[in-house]
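Geometric and topological summary
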Amino acid sequence: MKVSLNWLKQYVDINVSPEQLGEILTDIGLELEGMEQVESVKGGLEGVVVGHVVECGKHPNADKLSLTKVDIGNGDLLSIVCGAPNVAAAQKVLVAKVGTTLYPTGSEESLTLKETKIRGELSQGMICAEDELGLGDSHAGIMILPEDIKIGTLAKDYFNIETDTIYEIGLTPNRSDATNHVGVAKDLAATLKINYHHEGKVKLPSVDAFKVDNQDLKLDVVVENYEACPRYSGVSIKGVKVGESPDWLKNRLKLIGVRPIYNIVDITNFVLHELGQPLHAFDWDEIADKKVIVKTLPAGTKFTTLDEVERSLSSEDLMICDGKSNGMCIGGVFGGAKSGVKDETKNIFLESAHFHPKWIRRSKTRHGLFNSEAAKVFEKGSDPNITIYALKRAALMIQEIAGGEIASEIVDLYPNPIEKKKVEVAYAHVNRLIGTEIGQLEIKKILAALEMDILAEDSEKFTVAVPTNKADVTRPADVIEEILRIYGFNNVPIPEKIQITAASAPQPDPSAMRNLIGDYLVANGFHETMAMSITESRYYKELLNSIPDEEIVYINNTSNPTQDIMRPSMLFSGLEAIVRNQNRQQLSLKLYEFGRTYHKSGEKYKEQNHLTLFLTGERHPESWLLKEEKEANFYTLKAFVQNILTRLGASNYQETVFQDEVFGYGIRYHRGEQVLAELGKVSAKLVKQMDIRGGVFYADLHWDNLLKVLAKHIISFVELNKFPTVRRDLALVIENSVKFADIAQIARKVGKNIIKDVNLFDVYENEQQLGPGKRSYAVSFTLEDTTKTLQDKEVDKVMEQLVKEYETKLGAIIRR
């Protein structure tokens, strides 16, 4: 939210610097995210003055250029080459001097003037058109000023250029009272009074001049849903003239980032940002049967909004309708295309209502109207007791700027007035929550400065009436927060002692294990990613069908409706990161992420921790030293996964080959039903659908299960063997379907006491020599005995048993 310092000064006297005021805003809970000094015209027309054209003649070397002599009031005549067709002697013009920086309309680049020669003639400045100064769009010729203007007058004084400081405030959802300049001014007045010895008065615009001129434009108003619209006010204005707003109004809006449109709309926007009360103006002549009905319409009813989009209404969208129940506006959210004010509008009906935040929030989200300024105010909770004041304020401004007469009594339907909330607070509770002793008199002064009346009190507690513009202040803790904001967070002393409670970390420590594995992966060239836990449901509806819809956790994400679920898998987080990097020419990637997945089971929700790895592109950075295979592959990923499992004490597991929607080829490491990891190559179809170039290798390690395994893992010391090891090799011709894991498992079973290592060191494939569907594995076996030196006959006996098992169970042929 943008706040103008000059605008604030209309309501409260401010005698501190803009920088100090920024600090004060942060102290009172209106966190300052940025501030800048701006002008109503960019650059403030610095260096531009009123000049008098003393001489004007043709340029000797250019038909369309003129040579002029211009007096700018400093005693010297400037030689200026001018290309405008309307330049002539004796004119008063605007001159930009050498060194001046101009910001032309529609240009993103500035222009700094230098003394130069144009077609051989000296030019010492520029006689300017309005677009060159940023004052308008016209480039038909230079601006010619009235004759009575004094030479040398600064352009910024002539045009009343306003210099202002704009604060960008990070407004939190609970601050319904600070959505406008008057609300901020009231907060400032309170803290200036308490902490800076300021008078602390807020000067509100007077509406005493409001009066009804006639009864020519009467309207009937009916509210059918007082839950959604607790209060509805309005008034008719006759004979307005729709047109451009005066400069001061346009400048006020432009400085806070609001685009001026025309006077009626600009006034409603002005009042919105001044008082925090959204208004809406209807073309009175377009209202059928001269009746306004506040109601809901049947689901599926079509309604075209101001942006020319036809929308299908819900039965829970509150509509402002005419007498024939035709929708004119989605109440508090967005106007309709037909009923709004147009250039030819002469009579208007001005609405000032209070809508229930829940209804506004749902309609806004349902139709994706997230930029509606009115809805942003209503969904925080507008002040129901300001509608009439805001209505009179806007009506008087319309009469002043657009003319017209008040042509009806004010309609005000408010059957159940919203009273100030009464909250009882104990003084001891105030001091306990704030953490310091605040005297009762000081608390009363702060509450008075905040316009929070004390209704009852004794020595231990008080009951306060909360203004209706503070929709979120409903509990004692909320009142205490209000007291603390004005008292000052910085005035709460820092404790001299810090009390801590000793706590033992769980074993194994999840954070320590994450750091251990993270360090290993980073040392091997991986980069850590941290994706959001929310993602798009379309991934699991259009690309993957393996996760049932009833297991997906849906959320109502108003800031980004496309990201509407908690991720049931971390796969797409990594694939999105790969797409983003490939689009920025980063083709070789090693990525890992620690994160959570979310599932729904009936009425319960389940969160699981995972570690995912992603490989794509080359295994190593390009180098003349590396001559081996460059591309990352399945075995590259498998090595990293096995190293992680070994480090976490999960070296013994079962291995199952599988294929599904995610993996074109995959392996699952598990202990019975307990899955430890799944890894493989992401299916080509999925990679193509994500628009990824090249293959992607993906591993999903079930971190919670791995920590359970690690908790049972016992590390024991084993003395180094002083007896020599023996190596024997076998060349096995086997079916392609036989996995190395099968070979290793048989070896460990047969020689469980003396076979310490099994290694595959070569694979040979040749159908002509080995036969179709066959391959040859060259496997080494390392044997040792910790009690003695192994004899050849002992080793031969084990190897013979191995050969027999391989021939019997795997159908292997031993190559001699």
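What comes next concerns the included structure. Note that this is a predicted model, so its numbers are computed, not measured.

Counting its secondary structure elements, the chain contains 21 helices and 42 strands. Taken over the C-alpha trace, the chain has a radius of gyration of 39 Å; the compact-globule value for 816 residues is 28 Å, which it surpasses by more than 25%. Over its C-alpha atoms, taken along the principal directions, the chain stretches across nearly 120 × 90 × 65 Å. When burial is assessed residue by residue, the chain has 48% of its 816 residues classed as buried. When contacts within the chain are restricted to residue pairs at least 6 apart in sequence, those whose partners lie at least 24 apart make up 70%. For the chain, the separation between the mean place of its 97 positive charges and that of its 116 negative charges on side chains is 5 Å.

The strands that make up a sheet pair up through hydrogen bonds in the backbone, lying either parallel or antiparallel. If you walk across this open sheet you meet the three strands as β30-β32-β31, and the pairing is antiparallel. Each end of this open sheet is capped by a strand with a single partner; those strands are β30 (534-535) and β31 (553-554). The pairing of β30 with strand β32 (residues 565-566) spans two bridges and is classified as antiparallel. When the bridges of β32 are listed, Thr535 appears paired with Ile565.

In this section: the packing of aromatic side chains. All told, the structure shown has 18 aromatic pairs when counted by the stated rule. Taking 4.8 Å as the distance between ring centres and 20 degrees as the angle between the ring planes, the aromatic pair formed by Trp7 and Phe270 counts as stacked. Of this pair, Trp7 sits in helix α1 (residues 5-8) while Phe270 sits in helix α6 (residues 263-275), and the two are 263 residues apart along the sequence. The burial state of Trp7 is the same as that of Phe270; both residues are buried. For the ring pair Tyr653 and Tyr669, a centre distance of 4.5 Å and an interplane angle of 40 degrees mean the geometry is tilted.

The next thing to look at is helix α11 (residues 440-449). Side chains three or four residues apart in an α-helix point the same way, a direct result of the helix having 3.6 residues per turn. Among the residues of α11, those classed as buried are Ile443, Ile446, Leu447 and Ala449. For α11, the arc enclosing every buried residue in end-on projection is 160 degrees, short of the 170-degree limit, so these residues lie on one face. Facing away from the buried side of α11, by more than 90 degrees, are the exposed residues Leu441 and Ala448. Check the buried side of α11 and you find it contacts α4 (181-195), α10 (427-434), β27 (453-457), β28 (461-466) and α12 (476-487). Backbone geometry just downstream of α11 places Glu451 in the positive-phi region, at approximately 60 degrees.

Turning our eyes to something else, we now look at the pattern of salt bridges. Counting across every chain of the model gives 42 salt bridges. Lys376 is the partner of Glu373 in a salt bridge, and the nearest nitrogen-oxygen pair spans 3.4 Å. Taken together, the positions of Glu373 and Lys376, both in helix α8 (residues 373-380) and three residues apart, correspond to about one turn of that helix. Look at Glu373 and you get partly exposed, because its relative accessible area is 39%. Residue Lys376 is classed as partly exposed on the basis of its relative accessible area of 31%. For Arg775, the salt bridge identified is with Glu765, shortest N-O distance 3.3 Å. You can see Arg775 sitting in strand β41 (residues 774-783) and its partner Glu765 sitting in the loop between β40 (755-764) and α20 (767-770), a full 10 residues away along the chain. Sharing partners across several salt bridges, the network here consists of Arg175, Asp177, Asp187, Lys470, Glu482 and Arg485.

Bringing unusual backbone geometry into the picture now. At Asn160, a residue that is not glycine, the phi angle is positive and equals roughly 50 degrees. In this structure, Asn160 sits in the loop between α3 (155-158) and β13 (163-170).

What follows covers the sheet that holds β41. Read from one edge of the open sheet, four strands run β40-β41-β39-β42, paired in antiparallel fashion. Looking at the sheet topology across the chains shown, the edges are occupied by β40 and β42 (813-814).

Let's shift gears to the environment of Asp157. Its location among the elements puts Asp157 in helix α3. C-alpha separation for the pair Asp157 and Ile746, spaced 589 residues apart in sequence, amounts to 95 Å.

Across all of its chains, the model carries zero disulfides by this definition. With no disulfide of its own, Cys128 has Cys82 as its nearest cysteine by sulfur position, at a separation of 9.1 Å. Between Cys321, a cysteine without a disulfide, and Cys329, which holds the nearest cysteine sulfur, the sulfur-to-sulfur distance is 9.7 Å. Residue Cys321 is classed as buried on the basis of its relative accessible area, which comes to 0%.

This part is about helix α21 (residues 792-809). With 18 residues, α21 should reach 26 Å at 1.5 Å per residue; the first-to-last C-alpha distance of 25 Å fits that figure. Within α21, burial applies to Val795, Val798, Met799, Leu802, Val803 and Tyr806. In an axial view of α21, the angular spread of the buried residues amounts to 140 degrees, which keeps them on one side of the axis. Across α21 from its buried face, at more than 90 degrees, point the exposed residues Lys793, Lys797, Glu800, Lys804 and Thr808. Considering only its buried residues, α21 is in contact with β39 (726-735), α19 (740-750), β40, β41 and β42. Of the residues one or two after α21, Gly811 is the one with positive phi, at around 65 degrees.

Examined against the element boundaries, Glu784 turns out to sit in the loop between β41 and α21. The side chain of Glu784 is buried and forms no salt bridge, while Lys756, the nearest opposite charge, is found at 4.8 Å. Leave out the neighbours within four places in its chain, and Glu784 touches Asn721, Thr725, Asn753, Ile754, Lys756 and Leu790.

Counting 79 residues, the largest nonpolar core has Leu188, Ile264, Ile398, Phe462, Val479 and Ile483 as its most contacted members. For Val479, the residues in contact, after removing those within four places along its chain, are Val423, Val425, Leu447, Met452, Phe462, Val464, Val466 and Val473. By size, the runner-up hydrophobic cluster in this structure holds 33 residues, among which are Tyr232, Leu318, Ala353 and Ala407.

Our focus in this paragraph is the pairing of strand β3 (residues 48-59). Across five bridges, β3 lies against strand β6 (residues 92-97) in antiparallel orientation. Across the sheet, the residue bridging to His52 is Lys92, located in β6. Strand direction decides the pairing type here: β3 and strand β4 (residues 62-71), joined by seven bridges, are antiparallel. Within the sheet, the bridge partner assigned to Lys58 lies in β4 and is Ser66.

Here we take up a negative patch on the surface. Together, Asp285, Glu286, Asp343 and Glu344 make up a region of like negative charge exposed at the surface. Secondary-structure assignment places Glu344 in the loop between β22 (334-335) and β23 (347-354). A relative accessible area of 53% places Glu344 in the exposed class.

One can describe the packing of helix α2 (residues 18-27) onto α4 by two numbers: an axis separation of 11 Å at closest approach and a directional angle of 95 degrees. Our classification of the angle between α2 and α4 gives roughly perpendicular. For the pair formed by α2 and α4, the contact residues are Leu21, Ile24 and Leu25 on the first element and Val184, Leu188, Thr191 and Leu192 on the second. Split by residue class, the contact of α2 with α4 holds six nonpolar, one polar and no charged.

Further remarks concern the environment of Gln37. Within the secondary structure, Gln37 is located in strand β2 (residues 31-39). It is 30 Å that separates the C-alpha atoms of Gln37 and Asn469, two residues lying 432 residues apart in sequence. Setting aside anything within four residues of it in sequence, one finds Gln37 in contact with Thr163, Asp164 and Thr165.

With that settled, the discussion passes to the pairing of strand β20 (residues 318-321). Side chains on a regular strand alternate between the two faces of the sheet. The two faces of β20 match: Leu318 and Ile320 on one face and Met319 and Cys321 on the other face are all buried. With three bridges connecting them, β20 and strand β21 (residues 327-330) associate as antiparallel partners. Looking across to β21, one finds that Cys321 is bridged to Gly327. Counting the residues between successive antiparallel strands, the hairpin from β20 to β21 contains five residues, one of them, Ser325, with a positive phi of roughly 65 degrees.

The rules behind the values
- Residues numbered from 1 in each chain as written.
- Predicted model: local features only at pLDDT ≥ 70, side-chain atom pairs only at ≥ 80, totals over all residues.
- Heavy atoms only, no water.
- Helix = DSSP H or I, 4+ residues; strand = E, 2+ residues; numbered from the N terminus.
- Rg over C-alpha atoms; globule rule 2.2 N^0.38 Å.
- Buried < 20%, exposed > 50% of the residue type's maximum accessible area, 1.4 Å probe, protein only.
- Contact = heavy atoms within 4.5 Å.
- Lys, Arg positive; Asp, Glu negative; His and termini not counted.
- Charge placed at Lys NZ, Arg CZ, Asp CG, Glu CD.
- Pairing = 2+ DSSP bridges.
- Phe/Tyr/Trp six-rings, centres within 6.5 Å; stacked < 30°, edge-to-face > 60°.
- Arc of directions from axis to C-beta.
- Salt bridge = Lys/Arg side-chain N within 4 Å of Asp/Glu carboxyl O.
- Disulfide = S-S within 2.5 Å.
- Expected span 1.5 Å × (residues − 1).
- Core = buried A, V, L, I, M, F, W, Y, C linked by side-chain atoms within 4.5 Å.
- Patch = residues over 30% accessible without salt bridge, like charges linked within 9 Å, V, L, I, M, F, W, Y side chains within 5 Å.
- Areas by Shrake-Rupley, 256 points an atom, 1.4 Å probe, with all protein chains shown as cover.
- Axes fitted to C-alpha atoms, helices over the stretch in contact; angles between N-to-C directions.
- Parallel < 35°, antiparallel > 145°, perpendicular 65-115°, else oblique.
- Nonpolar A, V, L, I, M, F, W, Y, C, P; charged D, E, K, R; others polar.

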